[in-house]
Amino acid sequence: MQSVRQERSAARDAYDELCTYTLTHPDPSFIHQQVVDAFAAQNASETSKPISVTFALVGLYLHVEKGFNGREVQRVHMQLARQKHKWPSFSLPEARGAITALDVIKTPEGTERDRAIHDWCSAVWGAFVGNRERIISLLNNRRLGS
């Protein structure tokens, strides 16, 4: 049985490999943003910076529920970053989705892996959906993401 440290290391290695894949991806929709957001949310802890968790959950919400691509999510992140405010804290569910970076990296490159990235985002967002109203409120208060 792997130790927690070995599991985290394997997950980080899979994430790094996915980043290489998505950063060299020819699709201009910037699928890399979904990988960053899914990994950040799935691996968030009580010591994570609130801005990191906020941006990850905003990105997942916009992608999964609103159909935003990575470039569109990135624009919202930039607009949020320009505004001065205290970042909220969110509840971190114990279970963070049944799909992980390790599962996604095992999927063949191309359309199949791209679909697996979306499925991963959906699984992670599903785990965090209890924060949905707070994310919507945050975006509405700043007139973003509609």
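It should be noted that the structure appears before, not after, this text.
Residues numbered from 1 in each chain as written. Predicted model: local features only at pLDDT ≥ 70, side-chain atom pairs only at ≥ 80, totals over all residues. Heavy atoms only, no water.

Colleague: How do you make sense of the pattern of salt bridges when you look at a structure like this?
Modeller: The final tally for this structure, using the stated rule, is five salt bridges. For Asp119, the salt bridge is made with Arg115, and the minimal N-O distance between the two is 3.8 Å. You can see Asp119 and its partner Arg115 sitting in helix H6 (residues 111-128), four residues apart, about one turn around the helix. Residue class for Asp119 comes out partly exposed when judged on its relative accessible area of 32%. Residue Glu133 pairs with Arg132 through a salt bridge whose shortest N-O separation is 3.1 Å. Judged by relative accessible area, which is 54%, Glu133 ranks as exposed. Connected via shared salt-bridge partners are Glu65, Arg132 and Glu133. (Salt bridge = Lys/Arg side-chain N within 4 Å of Asp/Glu carboxyl O. Helix = DSSP H or I, 4+ residues; strand = E, 2+ residues; numbered from the N terminus. Buried < 20%, exposed > 50% of the residue type's maximum accessible area, 1.4 Å probe, protein only.)

Colleague: I would appreciate a short explanation of the state of the cysteines in the present structure.
Modeller: What makes a disulfide is a covalent bond joining the sulfur atoms belonging to two cysteines. Going through the model one piece at a time under the given rule, you end up with zero disulfides. The thiol of Cys19 is unpaired, and the distance to the nearest cysteine sulfur, on Cys121, comes to 12 Å. Residue Cys121 is classed as buried on the basis of its relative accessible area, which comes to 0%. (Disulfide = S-S within 2.5 Å.)

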